[in-house]
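Topology and contacts: notes
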Amino acid sequence: MCGIVGYIGQREAYNILIKGLKRLEYRGYDSAGIAMGGDNPRIYKCKGKVSDLEALVENLDFSGNIGIGHTRWATHGEPNDVNAHPHRSMNGHFIIIHNGIIENYTKLKSGLENKGYVFESQTDTEVLANLFEYFYIKEGSDPKKCVDAIRNALRIVEGAYGLLILCKDVPKQLIAAKKGSPIVVGIGDQEYFIASDASPIVEYTNSVIYLKDDDIAILSDSGLSLINLKNIPQTPNIHKLDLSLDQIEKNGFDHYMLKEIYEQPRSIRDTYRGRLNFESKFLRLGGLFNVFNDLVNADRIIIVACGTSWHAGLVGEYLFEEFTRIPTEVEYASEFRYRNPVIKKGDVVIAISQSGETADTLAAIQLAKRAGAIVLGICNVVGSSIPRETVAGVYTHAGPEIGVASTKAFTAQVTVLTMMAMAVGLANKNLTQKEFEDLVEELYLIPDKIEKILEKADYIKEIAEKVKDANNALYLGRGYLFPVALEGALKLKEISYIHAEGYPAAEMKHGPIALIDEKMPVVVLATKDPSYDKIVSNIQEVKARKGQIIAIVTEGDTVIRNLADFVIEVPACDFALSPLLTVIPLQLLSYYIAVMRGCNVDQPRNLAKSVTVE
Ligand code: F6R
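Residues numbered from 1 in each chain as written. Predicted model: local features only at pLDDT ≥ 70, side-chain atom pairs only at ≥ 80, totals over all residues. Heavy atoms only, no water.

What about the overall build of the protein?
Secondary structure summary: the protein contains 18 helices and 26 strands in total. In terms of overall dimensions, the protein is globule-like: its C-alpha atoms have a radius of gyration of 25 Å, near the 25 Å expected for 614 residues. Seen along its three principal axes, the alpha-carbon backbone of the protein occupies a region of about 80 × 50 × 45 Å. Of all 614 residues assigned to the protein, the portion counted as buried reaches 62%. For the protein, restricting intrachain contacts to residue pairs at least 6 apart in sequence, the fraction spanning at least 24 positions comes to 72%. Summed over its atoms, the accessible surface of the protein is roughly 23400 Å², and 48% of this surface lies on carbon and sulfur atoms. Charged side chains in the protein number 66 positive and 78 negative. The centres of these two groups are separated by 2 Å. (Helix = DSSP H or I, 4+ residues; strand = E, 2+ residues; numbered from the N terminus. Rg over C-alpha atoms; globule rule 2.2 N^0.38 Å. Buried < 20%, exposed > 50% of the residue type's maximum accessible area, 1.4 Å probe, protein only. Contact = heavy atoms within 4.5 Å. Areas by Shrake-Rupley, 256 points an atom, 1.4 Å probe, with all protein chains shown as cover. Lys, Arg positive; Asp, Glu negative; His and termini not counted. Charge placed at Lys NZ, Arg CZ, Asp CG, Glu CD.)

Pasting the structure below:
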């Protein structure tokens, strides 16, 4: 949450900052600001989007070769001009931007207030700026000790931060610091690009350093030096970015979300490419090589995740239990970490995250590690914190997901979970070779089947037109399709602001059925699967109460066609793989409804991609 970007070099910093903030806007978009460094430091900031910031500075002096920029998702203090970043320390020595949360900020703030500091904003970030200044002045305001002041201040800070810092007395220097929140430094030709992820950097360089927790990077015209909080020099590890510019552009689509929905045939192929071979019926997950036996022999699998990734985890539970017979549980990372869960040595914990930065998931990983479990990751963003915190794992290779509502990450996560469960099931002989090979074939064909579903977009748009004014919606599914019902409901509520609930279809009669009337769209996942007859009965129950039924059915179904108001067909496939197909029409339905309601699909209110706060 919150996007941060910085530049130091020979170019005009402003254009790089604004372009970078636009690329990072998916991380937060309630206010934006920049500070130009050098001999004449200036701050411009306002509530609103990056475009509001551009309008604000249009006729002002934004020249300079050093600068920092921020796009905010509010934590401490409402979104307004004063709380927007950057923040300046009381005597003007430091200007900073920050992503993360300072947990002991109240204590630090009152300590500073007792020393005469006065605060303008309600943010924890301003506390940090003043803390740096306090240490700096205490050390005699000696520019040579500026980094020491920052380092000493950060040693007493609790919580998470990704920080960019300008010090007025050292005008040709930019400092970055990280703990918990990501910072990437791009290395150019005598210039550096710093950001909270690589998207603003890829245009200029593909050589990057991912800062580690407790790292402080000091960037100036004489180069980069890296130390940690204890002042021990660190060796920078330079990575090559595997990211191209067109992966982070809309490429002709109206929204990132739509582009990402349409990318799914490609992203699923990329996820299984090199791992699953159709001809030889071969499946190998290289990232699990060293831990594969631990997984096969696990007493229990615990999946931890949040939001859409949790829904993928729920599909994973069904897959692991069916294919491997290993007891599997799925936990909200935020609950798991606070409820003193029973974790034993033979347990394998799998953390799922698109961003790899979700604070609750990271905390759950740390807890599981302390308890002695083997912790694996399923993650999309290469080099993010979760892959670094886990002993092994599998990247989803879905490519950058920029739309705030997760789509292609979900199907890529389910693809990985399917492959993991298949590999373990074959190894522990719960799947026969024939069953395994049939699944390989089925999985291989999923992208082609998704292409066919995407061809129905215009029809789904027509359905959206009919139900777009609803205030509530219900999503029902059984077995593998229950998590898809939850995911469909989440997609609708987060981008269209229609209240929606996902339910196991059989649970409907234990309460939610009371909600059904002629105004209630009920989306029923009703493919030909083992509980088909039961779901037909559930549809009858909805129909008897005059609910508007939108049914997702298997191609050629005639029974439900006669019952439902709208029928969206998906190609037949093994029930275990059906989430990969049935979620596609639900993504499109939410997308079109949100567009028709005039909602900002890629930047829904109150949300941000990458939830780096707890
Ligand atoms: C919903 C959505 C969120 C994320 C959740 C976890 O569309 O995007 O619910 O799934 O915040 O994020 P990651 O997967 O990055 O850990």
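Observations concerning the domain arrangement of the protein
Looking at the protein, the domain boundaries give domain 1 (3-247), domain 2 (250-453) and domain 3 (456-601). Computed from C-alpha atoms alone, the centre-to-centre distance between domain 2 and domain 3 is 25 Å. On the side of domain 3, 32 residues touch domain 2, which itself brings 34 residues to the contact. Surface buried jointly by domain 2 and domain 3 totals about 2900 Å² across both partners, of which 73% is contributed by carbon and sulfur atoms. The interface formed by domain 2 and domain 3 contains one salt bridge. (Domains from an automatic or database assignment. Buried area = accessible area lost by both parts, 1.4 Å probe. Salt bridge = Lys/Arg side-chain N within 4 Å of Asp/Glu carboxyl O.)

What to know about the pattern of salt bridges
Working definition: two side chains of opposite charge can pair if their charged atoms are close together. Tallied over the entire structure, the rule returns 31 salt bridges. Asp438 is the partner of Lys434 in a salt bridge, and the nearest nitrogen-oxygen pair spans 2.7 Å. Within this pair, Lys434 and its partner Asp438 are both found in helix 14 (residues 433-454), separated by four residues, close to a single helical turn. Between Glu487 and Lys491 there is a salt bridge, with the nearest N and O atoms lying 2.6 Å from each other. Of this pair, Glu487 and Lys491 both sit in helix 16 (residues 481-496), four residues apart, roughly one helical turn. An identical accessibility class is assigned to Glu487 and Lys491; each is buried. Through salt bridges with shared partners, a single network forms among Lys259, Glu263, Arg266, Asp270, Arg273 and Lys408.

Quick look at the sheet that holds strand 25 (residues 548-554)
Taken together, the five strands give an open sheet; going across it, the order is 23-22-24-25-26, and neighbouring strands pair in parallel fashion. Edge positions in the sheet fall to strand 23 (499-504) and strand 26 (566-570), since each of these pairs with one other strand and no more. On average, each strand axis in the sheet is inclined to that of its neighbour by 15°, with strand direction left out of account. Bridge count for strand 24 (residues 521-526) against strand 25 is six bridges, and the pairing is parallel. Following the sheet pairing, Val524 is matched in strand 25 by Ala551. Together, strand 24, strand 25 and strand 26 form the strand contacts of helix 15 (residues 457-467), whose direction differs from that of strand 26 by roughly 150°. (Pairing = 2+ DSSP bridges. Axes fitted to C-alpha atoms, helices over the stretch in contact; angles between N-to-C directions.)

Quick notes on helix 9 (residues 307-324)
Taking 1.5 Å per residue as the helical rise, helix 9 with its 18 residues ought to reach 26 Å, and the 25 Å between its terminal C-alpha atoms agrees with that figure. Of all 18 residues in helix 9, 13 are buried; the element is thus mostly enclosed. (Expected span 1.5 Å × (residues − 1).)

A closer look at the side chain of Ser199
Its place among the elements puts Ser199 in the loop between strand 10 (192-195) and strand 11 (207-210). Its relative accessible area of 5% is what places Ser199 among the buried residues. For Ser199, the residues in contact, after removing those within four places along its chain, are Arg23, Leu24, Tyr26, Leu243 and Ile248.

Notes on the state of the cysteines
Per the stated rule, a full pass over the model turns up zero disulfides. Of all cysteine sulfurs, the one in Cys46 lies closest to Cys2, which takes part in no disulfide; the gap is 15 Å. The class for Cys2 is buried, based on a relative accessible area of 7%. (Disulfide = S-S within 2.5 Å.)

What about the site of the ligand?
Residues in contact with the ligand amount to 15 residues; listed here are only the nearest, Ser309, Ser353, Ser355, Thr358 and Glu494. Within the side chain of Glu494, a nitrogen or oxygen atom sits 2.6 Å from an oxygen atom of the ligand. When the ligand sits alone it has 410 Å² of accessible area, and the protein chains cover 87% of it. When contributions to the shell around the ligand are tallied by element, the ones reaching two or more residues are helix 9 and helix 16. Here the residues of the shell around the ligand sort into five nonpolar, eight polar and two charged. Per-domain counts for the shell around the ligand show at least three residues from each of domain 2 (250-453) and domain 3 (456-601). (Near = heavy atom within 4 Å. Polar contact = N/O pair within 3.5 Å; in protein donor to acceptor, adjacent residues only side chain to side chain. Nonpolar A, V, L, I, M, F, W, Y, C, P; charged D, E, K, R; others polar.)

Structural notes on the packing of aromatic side chains
Tallied over the entire structure, the rule returns 13 aromatic pairs. Ring geometry for Tyr7 against Phe193: centres 5.2 Å apart, planes inclined by 50°, an arrangement best described as tilted. One end of the pair, Tyr7, is in strand 1 (residues 3-8); the other, Phe193, is in strand 10, with 186 residues separating them in the sequence. A residue is classified by how much of its surface remains accessible, and Tyr7, at 0% relative accessible area, is buried. Centre to centre, the rings of Tyr134 and Phe135 are 5.7 Å apart; their planes meet at 80°, and the pair counts as edge-to-face. Members of the aromatic cluster, each reached through a chain of ring pairs, are Tyr7, Phe193 and Tyr204. When the ring centre of Phe278 is taken as reference, the NZ or CZ atom of Lys281 above it lies at 4.5 Å. Over the ring of Tyr532 we find Lys528, and its NZ or CZ is 5.2 Å from the ring centre. (Phe/Tyr/Trp six-rings, centres within 6.5 Å; stacked < 30°, edge-to-face > 60°. Lys NZ or Arg CZ within 6 Å of the ring centre and 35° of its normal.)

Quick notes on the pairing of strand 6 (residues 94-99)
Regular strands show a simple pattern: their side chains alternate between the two faces of the sheet. Within strand 6, six of the six residues are buried, which leaves the element mostly enclosed by the surrounding structure. Both faces of strand 6 are covered, namely the face carrying Phe94, Ile96 and His98 and the face carrying Ile95, Ile97 and Asn99. Across two bridges, the pairing between strand 5 (residues 87-88) and strand 6 is antiparallel. Counted as the bridge partner of His87 is Ile96 from strand 6. In this structure, the hairpin formed by strand 5 and strand 6 is closed by a connection of five residues, where Gly92 is found at a positive phi of approximately 80°.

A closer look at unusual backbone geometry
Each neighbour pair has its own omega, and for His85 with Pro86 the value is 0°, a cis peptide bond. Unusually for a residue other than glycine, Gln190 sits at a positive phi of about 55°. Within the fold, Gln190 resides in the loop between strand 9 (184-187) and strand 10. By relative accessible area, Gln190 is classed as exposed at 63%.

Considerations on the nonpolar core
Counting residues in each nonpolar core, the largest one holds 93 residues, and the members touching the most others are Ile350, Met420 and Tyr475. Examining the composition of this core, we find that eleven residues originate from one element, helix 18 (residues 578-596), more than from any other. Two domains each provide a minimum of three residues to this core, namely domain 2 (250-453) and domain 3 (456-601). Discounting residues that sit within four places of it in the chain, Tyr475 has contacts with Ala485, Gly488, Ala489, Leu492, Ala500, Glu501, Gly502, Tyr503, Val523, Leu586 and Leu589. (Core = buried A, V, L, I, M, F, W, Y, C linked by side-chain atoms within 4.5 Å.)

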